[in-house]
Amino acid sequence: MNAGLLKLMAVSAAFLVGAQAQANNFKGYYSPQVLVSQLRDDCTYSPVGMGIVTSKAGFRVHPVTGRGDFHNGVDLSAKLNDKVYCLLDGMVTRVGWRGNMGVAVEIYHPYPNVRTIVGHLNAYAVMPGTWVTRGRVIGYAGTTGRSTGVHVHYTVIKEDTNEYIEPLMFIKQVPSYVMALRSHQAQLASSVNMKNFRKFDTKLIDTETVDLPEGEKEKEKTPPASMEP
Ligand SMILES: [Zn+2]
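This is a predicted model, so every value here is computed, not measured.

## Describing the nonpolar core
Within the largest apolar cluster, 41 residues are counted, with the highest numbers of intra-cluster contacts made by Val84, Val105, Val118, Leu121, Ile138 and Val152. Discounting chain neighbours no more than four positions away, the residues touching Val118 are Pro47, Val84, Ala104, Val105, Ile138, Gly139, Val152, His153 and Tyr154.

## Digging into the pairing of strand β3 (residues 68–71)
Every other side chain in a regular strand lies on the same face of the sheet, so the side chains alternate between the two faces. Sheet topology note: the strand β2 (residues 58–61)/β3 ladder contains four bridges and is antiparallel. Its bridge partner lying in β3, Arg60 is registered against Asp69. Counting the residues that bridge the hairpin from β2 to β3 gives six residues, and of these Gly66 lies at a positive phi of roughly 75°.

## A short note on the environment of Pro112
Tracing the sequence through the fold places Pro112 in the loop between β7 (103–109) and β8 (114–124). Pro112 sits in the buried class, given 20 other C-beta atoms within 10 Å. Residues Pro112 and Ala189 lie 77 residues apart in sequence; the distance between their C-alpha atoms is 8.4 Å.

## What about the pairing of strand β10 (residues 137–141)?
Note: strand β5 (residues 83–85) against β10, three bridges, orientation antiparallel. Within β10, the position partnered with Lys83 by the bridge is Tyr140. Alignment of β8 against β10, held across three bridges, turns out to be antiparallel. Looking at the pairing, Tyr124 lines up with Gly139 of β10.

## Structural notes on the environment of Asn72
Position of Asn72 relative to the elements: it lies in the loop between β3 and β4 (74–77). Overall, the presence of 23 C-beta atoms within 10 Å leaves Asn72 in the buried class. Put simply, Asn72 and Lys56 are 16 residues apart on the chain and 8.7 Å apart in space, counted from C-alpha to C-alpha.

## Here's the deal with the environment of His71
Structurally, His71 can be placed in strand β3. Overall, His71 belongs to the partly exposed group, with 19 C-beta atoms counted inside 10 Å. When the C-alpha atoms of His71 and Thr155 are compared, they prove to be 9.3 Å apart, with 84 residues separating the residues in sequence. Once residues within four sequence positions are removed from consideration, His71 is found in contact with Ser55, Ala57, Gly58 and Arg60.

Rules behind the numbers
- Residues numbered from 1 in each chain as written.
- Predicted model: local features only at pLDDT ≥ 70, side-chain atom pairs only at ≥ 80, totals over all residues.
- Core = buried A, V, L, I, M, F, W, Y, C linked by C-beta atoms within 7 Å.
- Buried ≥ 20, exposed ≤ 12 C-beta atoms within 10 Å, placed from the backbone.
- Contact = placed C-beta atoms within 7 Å.
- Pairing = 2+ DSSP bridges.
- Helix = DSSP H or I, 4+ residues; strand = E, 2+ residues; numbered from the N terminus.

Dropping the structure here:
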């Protein structure tokens, strides 16, 4: 094991509080696929890597097309095959190829009634219809779709209005949702939302014609001209 890898492991362990026990159990040839790490309820985590933001949500000049463009999520710096974590409990609603977003995983979180999408993955690690909890690995970072290099795109959408939520604000608020979910009231709200999740069945069956927010729909019409990094 080289020094670089050791350093990387040390950095990962320091970042993901509680993941240290797993790192110590690593046997070299046997790498257990630990799906649930011990993310603390009260800590803010990045879904991937160190949480370094390479492009914020909002209007910007697109790095590939060079044209003005609305960026509906945040881009987080990552290395190839870095684990991408679920930050909040929810139901996987869609996985696989998603136009310019490449290989993506979408999760519906009944509390606080939002959908999150991670894109440009090299692989997904969950299937639609699976209930995933905070800390589970849902995919691995890559550069699929319209992308200039390895990173993870993270989008948050309000389920009732289909509006985009500022993803960094959402990430900061996740611990408050996790804490709230300990209460009976929030659990009740969560189960009511889950029951009312109107597109749930459609999404699981038809992965090609799922309703996308306007901006994304437009983007998907563009031919995937830029497959290379
Ligand atoms: Zn992006």
